[in-house]
Amino acid sequence: MNVCGGHERSISAAGLRSALPHEVELIAGPGCPVCVCPEEDVHQAIQLALHEPITLAAFGDMLRVPVNVPKTEARSLEQARAAGADVRPVASPLDAVRLAKAQPSRSVVFFAAGFETTTAPIAAMLAEGAPQNLSVLLSGRRTWPAVAMLLESSNPGFDALIAPGHVSTVMGPEEWSFVVEQHGLPAAIAGFTSESLLAAMYSTLRQLVEERPMLDNCYPEVVKPGGNATARRQLERVTEVVDASWRGIGVIPRSGFALRGHYAAHDARRRFPSYEDPSRKRAGQMPPGCDCARVVLGRIYPNECVLYGRACTPRSPVGPCMVSDEGACRIWWAGDIRARVTTAANC
Ligand code: SF4
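Since the model is a prediction, treat every value here as computed from it, not as a measurement.

K.L.:
Explanation requested: the site of the ligand in the structure shown.
P.N.:
Around the ligand sit 13 residues, and of these Cys-290, Cys-292, Cys-305, Cys-312 and Cys-329 come closest. Most atoms of the ligand, that is more than half of them, are within 2 Å of grid points of the second largest cavity. Residue composition of the shell around the ligand, by class: eleven nonpolar, one polar and one charged.

And the structure:
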């Protein structure tokens, strides 16, 4: 299993899956932060944008993520913008800072969903001093607890892990040693080239064959012991680890980042608490018929969803996995996998 949208994109673009012998399956696991961003957070961002005199900034692929509301209401940030809300796509926390500085008398809310690699720059932005009119609606997630949750389940669904290179660059390779030490599974950290991914596949397969599981770093030019000390320090200073909800999956203990009280002035959850709607946590995590939850967990391949390529395409996405560049459904569609398949598990 790989747990990184960037890995899945590289694997798909290079056709690595089709080059593997049929005994070896390569499964995309929880590697798309936009896909797992809880529906209630997206809904909160939409409501904020619609009802407050603010500018709402978000990463571009978040704008089309749908929520489960009647068709008469705005179902995405893109639809909120069409209804008159000031919603702007940004590519980085620096863009959000520029936006806030360009309009100092207006409140800017940066809706930021991402893993450690996204949360660390946001922490740096706040640690170094963000504009007063900038607040963050943070939906930050830690990657390893989702893998731990799978491994602790009765059916993990994989025999070896290809660990994410970018997350390991920030947090250190040690984050993944539990896969070997607690679960006895092979693991290898990969970069984003075919060579690095193939090296990680070779390493894990060899570990399996030789029954000698270990954590192999196949991205040593970037991933160093201990990770990025500065980034980790800023994460620690600005955020605290909390239990967090993953869309379609539920709450995973200690899998989220929340801003510490010291940064309350920049915390949109504290500044605009009335838009938090706890009832949405029960409102249905994925749109009806959408199998994103099982895709994210690697339980099925994207083209096993009954809506894949029919009701759901990038032009008309039903679930978040077809929206984001890191979503497995979109990656598979972009990789020209057009056929839908039905396996016994999906009948
Ligand atoms: S094909 Fe569409 S509806 Fe099906 S799992 Fe993927 S995103 Fe969800």
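There's plenty left to go through after this.
K.L.:
Looking at this model, I keep getting lost on the state of the cysteines. Mind explaining?
P.N.:
A covalent bond between the sulfur atoms of two cysteines is referred to as a disulfide. Using the criterion set out here, one finds one disulfide in the structure. In this model, Cys-32 is linked to Cys-35 through a disulfide, with the two sulfur atoms separated by 2.3 Å. Looking along the S-S bond of the Cys-32-Cys-35 disulfide, the torsion reads about 75°, which is the right-handed sense. Cys-35 shares its class with Cys-32; the two are buried. Left without a disulfide partner, Cys-4 is nearest to the cysteine sulfur of Cys-32, which lies 10 Å away.

K.L.:
I'm lost on the sheet that holds strand 8 (residues 239-246) in this one. Help?
P.N.:
Strand pairing in a sheet takes place through backbone hydrogen bonds and is either antiparallel or parallel in direction. In space, the six strands of this open sheet follow the order 2-1-3-4-9-8, with mixed pairing throughout. Each edge of the open sheet is held by one strand with a lone partner, namely strand 2 (86-90) and strand 8. Strand-to-strand twist in this sheet, taken as the mean axis angle between neighbours without regard to direction, amounts to 25°. Bridge analysis of strand 8 against strand 9 (residues 250-259) gives seven bridges, and the strand direction is antiparallel. Paired with Thr-239 across the two strands is Leu-259, which belongs to strand 9. Across the sheet, helix 6 (residues 93-102) lies against strand 1 (54-59), strand 2, strand 3 (107-114) and strand 4 (134-141), angled at about 170° from strand 3, the strand it touches most. Across the face of the sheet, helix 8 (residues 144-152) comes into contact with strand 8 and strand 9 while running at roughly 170° to strand 9.

K.L.:
Can you help me understand the sheet that holds strand 5 (residues 161-164) in this one?
P.N.:
What the three strands build is an open sheet, ordered 5-6-7; its pairing is parallel. Looking at which strands have only one partner, the edges of the open sheet turn out to be strand 5 and strand 7 (215-217). Ignoring which end each strand starts from, the neighbouring axes of this sheet average 30° apart. When strand 5 meets strand 6 (residues 187-190), the two strands line up parallel, connected through four bridges. Its bridge partner lying in strand 6, Ile-162 is registered against Ala-188. Strands in contact with helix 11 (residues 194-210) are strand 5, strand 6 and strand 7; relative to strand 6, the strand with the most contacts, it is inclined by about 175°.

K.L.:
Can you walk me through the nonpolar core in this structure?
P.N.:
Side chains of a nonpolar character, in soluble globular proteins, are inclined to be buried together. Ranked by size, the top nonpolar core spans 54 residues in total, and within it Val-42, Leu-56, Met-62, Leu-77, Val-109 and Phe-111 carry the most contacts. Elements with a minimum of two residues in this core: helix 3 (33-36), helix 4 (39-51), strand 1, helix 5 (77-82), strand 3, helix 14 (292-296) and helix 15 (328-334). Excluding residues that lie within four positions of it along the chain, Leu-77 makes contacts with Ala-45, Ile-46, Leu-56, Ala-58, Met-62, Leu-63, Val-87 and Phe-111. Leu-150, Val-167, Ala-187 and Leu-259 belong to the second largest nonpolar core, which has 49 residues in total.

K.L.:
When you look at the pattern of salt bridges in this model, what are you seeing that I'm missing?
P.N.:
Opposite charge on two side chains permits pairing when their charged atoms draw close. Considering all chains together, one arrives at twelve salt bridges under this definition. With its nearest N and O atoms 3.1 Å apart, the salt bridge here joins Asp-291 to Arg-294. Assessed through its relative accessible area of 17%, Asp-291 is described here as buried. Residues Arg-330 and Asp-325 are paired through a salt bridge, measuring 3.6 Å at the closest nitrogen-oxygen approach. By relative accessible area, Arg-330 is classed as partly exposed at 25%. By relative accessible area, Asp-325 is classed as partly exposed at 43%.

K.L.:
Any chance you could explain the packing of helix 1 (residues 5-14) against helix 11 here in plain terms?
P.N.:
Axes are the key here: two packed helices are described by the angle between their axes and the distance separating the axes. With their axes 10 Å apart at the nearest point, helix 1 and helix 11 run at an angle of 100° to one another. Classified by the interaxial angle, the pair formed by helix 1 and helix 11 is roughly perpendicular. In this structure, helix 1 contributes His-7, Ser-10, Ile-11 and Ala-14 to the contact, and helix 11 contributes Ser-194, Leu-197 and Met-201. Of the residues in the contact of helix 1 with helix 11, the class split is four nonpolar, three polar and no charged.

Cut-off values and rules
- Residues numbered from 1 in each chain as written.
- Predicted model: local features only at pLDDT ≥ 70, side-chain atom pairs only at ≥ 80, totals over all residues.
- Heavy atoms only, no water.
- Near = heavy atom within 4 Å.
- 1 Å grid on protein atoms, 1.4 Å probe; cavity = no way out; pocket = protein on both sides within 12 Å on 5 of 7 lines; lining within 4 Å.
- Sits in = over half its atoms within 2 Å of the grid points.
- Nonpolar A, V, L, I, M, F, W, Y, C, P; charged D, E, K, R; others polar.
- Disulfide = S-S within 2.5 Å.
- Buried < 20%, exposed > 50% of the residue type's maximum accessible area, 1.4 Å probe, protein only.
- Pairing = 2+ DSSP bridges.
- Helix = DSSP H or I, 4+ residues; strand = E, 2+ residues; numbered from the N terminus.
- Axes fitted to C-alpha atoms, helices over the stretch in contact; angles between N-to-C directions.
- Contact = heavy atoms within 4.5 Å.
- Core = buried A, V, L, I, M, F, W, Y, C linked by side-chain atoms within 4.5 Å.
- Salt bridge = Lys/Arg side-chain N within 4 Å of Asp/Glu carboxyl O.
- Parallel < 35°, antiparallel > 145°, perpendicular 65-115°, else oblique.

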